[in-house]
Amino acid sequence: MNKKKLLMIIITFIFCVSAFVFSLHNEAFYKTDIAKIISVKNSTGEVAEGDYGEKEQYINQDLGLKLMNGIYKGRAFDLQSIYGYSQIKTTKYETGDEVFVKVYNANGSKAISILSAKRDYMAVAFLGIMIMFLVIIASGKGLLTLLGMIVNSLIFIISMILYMRGVSMLILMLPMIILFSLATLFIVNGIDRKTLTVALSTLVTVLAMAVIYTLTDIFTPDIPYYMDDYLVCTTAQLKMIFLCSVLIGSMGAIMDVSMVVCTGVSQIYRINGSQKSVLSDEVSVFIKAVGADITGIMQNVLLFSYLSGTIVIMLLKLKTGYYITNLLKYDFSFEIVRFLMGAIGIAITVPITGIVARKIYSHKRREGMK
Amino acid sequence: MILTLSIILILLMLITGGEHGVRTVSSMFANIIIFILYMIAVARGFDFGILTITVIILFVFVTLFAQDGVNPKTVCSAIATIILEIIIFIPLRSFVLESSLAGYDEVNMSMDISNALNYNVNINMNDVITAVLMFGVLTVMLDASVHITGTVYELYLKKKDELFESEGIVEETEPDGEVRASCDVAEKTKEETKPDGEKNGFATGNRIKQVKNINMNQLYISGINMGKDIISTMANTMLFTALAESMTLSMYFIVHGYSIAKLLNSKAVFQKFTAIPLTVVATLLIIPLANLIMCMYLSFTHGRNKIDLKNKK
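Parameters at a glance
- Residues numbered from 1 in each chain as written.
- Chains lettered and ligands numbered in written order.
- Predicted model: local features only at pLDDT ≥ 70, side-chain atom pairs only at ≥ 80, totals over all residues.
- Heavy atoms only, no water.
- Helix = DSSP H or I, 4+ residues; strand = E, 2+ residues; numbered from the N terminus.
- Buried < 20%, exposed > 50% of the residue type's maximum accessible area, 1.4 Å probe, protein only.
- Contact = heavy atoms within 4.5 Å.
- Buried area = accessible area lost by both parts, 1.4 Å probe.
- Salt bridge = Lys/Arg side-chain N within 4 Å of Asp/Glu carboxyl O.
- Polar contact = N/O pair within 3.5 Å; in protein donor to acceptor, adjacent residues only side chain to side chain.
- Nonpolar A, V, L, I, M, F, W, Y, C, P; charged D, E, K, R; others polar.
- Phe/Tyr/Trp six-rings, centres within 6.5 Å; stacked < 30°, edge-to-face > 60°.
- Lys NZ or Arg CZ within 6 Å of the ring centre and 35° of its normal.
- 1 Å grid on protein atoms, 1.4 Å probe; cavity = no way out; pocket = protein on both sides within 12 Å on 5 of 7 lines; lining within 4 Å.
- Points joined across faces, edges and corners; volume = space filled by probe spheres on them.
- Pairing = 2+ DSSP bridges.
- Expected span 1.5 Å × (residues − 1).
- Bend = angle between axes of the 7 residues up to and from the residue.
- Axes fitted to C-alpha atoms, helices over the stretch in contact; angles between N-to-C directions.

So, the overall build of chain B
Now for step 1: The secondary structure content of chain B amounts to 13 helices and zero strands.
Now for step 2: Start at the N end of chain B and walk to the C end: the helices and strands fall as α-α-α-α-α-α-α-α-α-α-α-α-α.
Now for step 3: Out of the 313 residues in chain B, the part that is buried amounts to 54%.
Now for step 4: Considering only intrachain contacts with a sequence separation of at least 6, the fraction spanning at least 24 residues in chain B is 83%.

Laid out in structure tokens, this is it:
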């Protein structure tokens, strides 16, 4: 391990630890009142019955809280709370937890109610662990990856703010997709012929996906857009937003697959020089092999990342007596379409990258021969 | 729409992937069916923990063995994945408990859905969230570990002849050189700082072991280098899926004027984005682990093969 890397690790470590310590004691910087739970007394409460005869045990909690900031700093309050075994709508509190609270007037005296848990220190801890791991194991490339992720998130946030200011999603979509692919590829891998090829194939693939999606959308009935969780806009707007999210959601996987194919093709061209007949055969054999190898794996990654997001609501709905077929048809149609489009995107990336890479690399070779 | 897109997908997989495409598609549908059966079984009141462990193992088997068949690559990556799932379970669970991630997030709580559904279900939501995160990271581990074991295995197949050749020469000059399966080679190479390329030329007493060490060491190092490329692609894949899923959520945040402080404390943000750092950490951990297991397996079987050869002579 060289000195530079050691220094980098030490600096990152000090930075992460100090950020974590700060987040543990940052109550003074919050405008919302924060209270620390200093005592908890549990007593068994009632047993409630669910829709299918499930027995859910409730526990009563007598909490003692002490305010940590604001004008009531240092003052102690008592509060009664209740939580169920499932903790779906209720929360279990433990001594030492910090919570956001609201102090209000009740019958002439002050009372308190809990708004939500304070989680910022866990966010800092988790991000800190990730950064430490990246610096220790992947060093330089790890930091670039991190930078790429931050830039991508910023692009995303700015586009969302622009959208809420009234810019149409149709106008935002193309710059967003181009910026995402450029930021991801160029920050981590630098600008060269290979990343340019990958960027170009990604854009072509995304365009092809948009065409496939729009055609399917025209000729088949709509998916139930009104089922969206957050209902911040009209159905027409949602349709556009959903298309954009479908395209963006699969971009990561598409770039990954495209990168692998492109690396392989460029190596074949480097090794084989100028035998044209051998080349095209070998490239197509290679593309077929890689296509088989990587598409399945990436499709499974997408499948699981969308499936796992549905578990909580799916369980609750099944427990409430919804039919699984209806759930798949309505509630989770967003996730299913996202996955299907992502999988289609991955499947078409392989041949598209193959064609683009062959064009670009054979062009380069001809230039070289001149 | 779902039906049409499924048909397009299947056709595309058949055209581009051929026989392998069929296997991929069928393993994906098998996974979906396992998942649905799992959900129904949990809803019917079967034990959540036991079911989840079974389903994780089933997913590993279906994804790896149905797609790529049973071979050293897939077996090693299955072992590595299951070991890492066990390792991350406790830290992950304490993370979920400490940041109280169970149940509805603050956005769901303010909507009708939270009142319409049965919430006396007698399933601990802390367990469910832990399972969600473990499923999310499962394929990432599978993917990264298959990449690693695949490359290392192919490198080994290419260099195997070199290994045999150099050892054969040494055996002639030093007939009493100890030939043994060094299972611990991979571990030793990890501790050794650098492969001793120059020493290779000297005929020292334990030359056989050294030749083997160097080759396994090279294998290990090239596996690690290869692994570094995977991290960024994996992290980005997860980032983009998370961003896509949270488009309307982020609009909700903007409408309700969330500050950065509020975002850092939001349960909704935690539930959507925890998968990203988790992915990065899991990828970083699976790379050396899968590599180590593959190298251990290779040095073990390599020793055995060699003894077989000697017997034939």
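Quick word on the interface of chain B and chain A
Now for step 1: The partner chain A presents 113 residues to the 104 residues of chain B that form the contact.
Now for step 2: For the chain B and chain A pair, buried surface summed over both sides reaches about 9,900 Å², with 75% attributable to carbon and sulfur atoms.
Now for step 3: Looking only at chain B, the three residues that lose the most surface to chain A are B:M1, B:F240 and B:N265, adding up to 8% of its buried area.
Now for step 4: Viewed at the interface, chain A and chain B are joined by zero salt bridges.
Now for step 5: Where chain B meets chain A, there are 16 residue pairs in polar contact (both at pLDDT 80 or more).
Now for step 6: Tallying contributions element by element places helix α9 (residues 207-245) of chain B first for the side of chain B that touches chain A, with 16 residues.
Now for step 7: Here the side of chain B that touches chain A is built from residues that sort into 62 nonpolar, 34 polar and eight charged.

Here's the deal with the packing of aromatic side chains
Now for step 1: In the structure shown here, the tally under the stated rule is 15 aromatic pairs over all chains.
Now for step 2: The aromatic ring of A:Y322 is capped on one face by A:K317, whose charged end is 5.2 Å from the ring centroid.
Now for step 3: The ring of B:Y258 is capped by B:K262, whose NZ or CZ atom sits 4.6 Å from the centre of that ring.

A few points about empty space enclosed by the protein
Now for step 1: Applying the stated criterion to the full structure yields two cavities of 30 Å³ or more.
Now for step 2: A volume near 70 Å³ is recorded for the largest cavity.
Now for step 3: Around the largest cavity, the lining residues are A:I297, A:N300, A:V301, B:T63, B:L64, B:Q67, B:D68, B:T139, B:L142, B:D143 and B:V146.
Now for step 4: Residues that form the lining of the largest cavity fall into these classes: five nonpolar, four polar and two charged.

Some thoughts on the pairing of strand β2 (residues 55-67) of chain A
All names here are of chain A.
Now for step 1: Summarising the sheet, strand β1 (residues 33-49) and β2 pair through 12 bridges and their orientation is antiparallel. Across the sheet, K36 pairs through a bridge with K66, a residue of β2.
Now for step 2: Here β1 folds back onto β2, and the loop between the two strands holds five residues, one of which, G53, carries a positive phi near 75°.
Now for step 3: By the bridge criterion, nine bridges tie β2 to strand β3 (residues 76-84) in an arrangement that is antiparallel. Of the residues in β3, the one forming a bridge with L63 is L79.

Quick word on helix α2 (residues 120-164) of chain A
Now for step 1: Given a rise of 1.5 Å per residue, 45 residues ought to cover 66 Å, yet the end C-alpha atoms of α2(A) are separated by just 26 Å, more than 12% below that figure.
Now for step 2: The largest bend in α2(A) comes to about 140°, at A:A138.

Quick word on the sheet that holds strand β5 (residues 109-117) of chain A
All names here are of chain A.
Now for step 1: Strand order in the open sheet made by the five strands is β3-β2-β1-β4-β5, with antiparallel pairing throughout. Of all the strands in the sheet, the pair left with one neighbour each is β3 and β5. The mean angle between the axes of side-by-side strands here comes to 40°, regardless of whether they run parallel or antiparallel.

Side note on the pairing of β5(A)
All names here are of chain A.
Now for step 1: In the sheet, strand β4 (residues 98-106) pairs with β5 via eight bridges, with the strands oriented antiparallel. When the bridges of β5 are listed, F100 appears paired with S116.
Now for step 2: Between β4 and the antiparallel strand that follows it, β5, lie two residues; N107 among them carries a positive phi value of about 50°.

So, unusual backbone geometry
Now for step 1: A positive phi angle, close to 50°, is found at A:N107, a residue other than glycine.
Now for step 2: If you trace the backbone, A:N107 turns up in the loop between β4 and β5.
Now for step 3: Residue classification places A:N107 among the exposed positions, given a relative accessible area of 84%.
Now for step 4: With a phi angle near 35°, B:S100 is a residue other than glycine that sits in the positive phi range.
Now for step 5: Within the fold, B:S100 resides in the loop between α4 (72-98) and α5 (106-109).

A short note on the side chain of A:N26
All names here are of chain A.
Now for step 1: Turning to its location among the elements, N26 is positioned in the loop between α1 (3-24) and β1.
Now for step 2: N26 gets classed as buried once you look at its relative accessible area, which sits at 6%.
Now for step 3: The contacts of N26, once residues within four sequence positions are left out, are K118 and D120.

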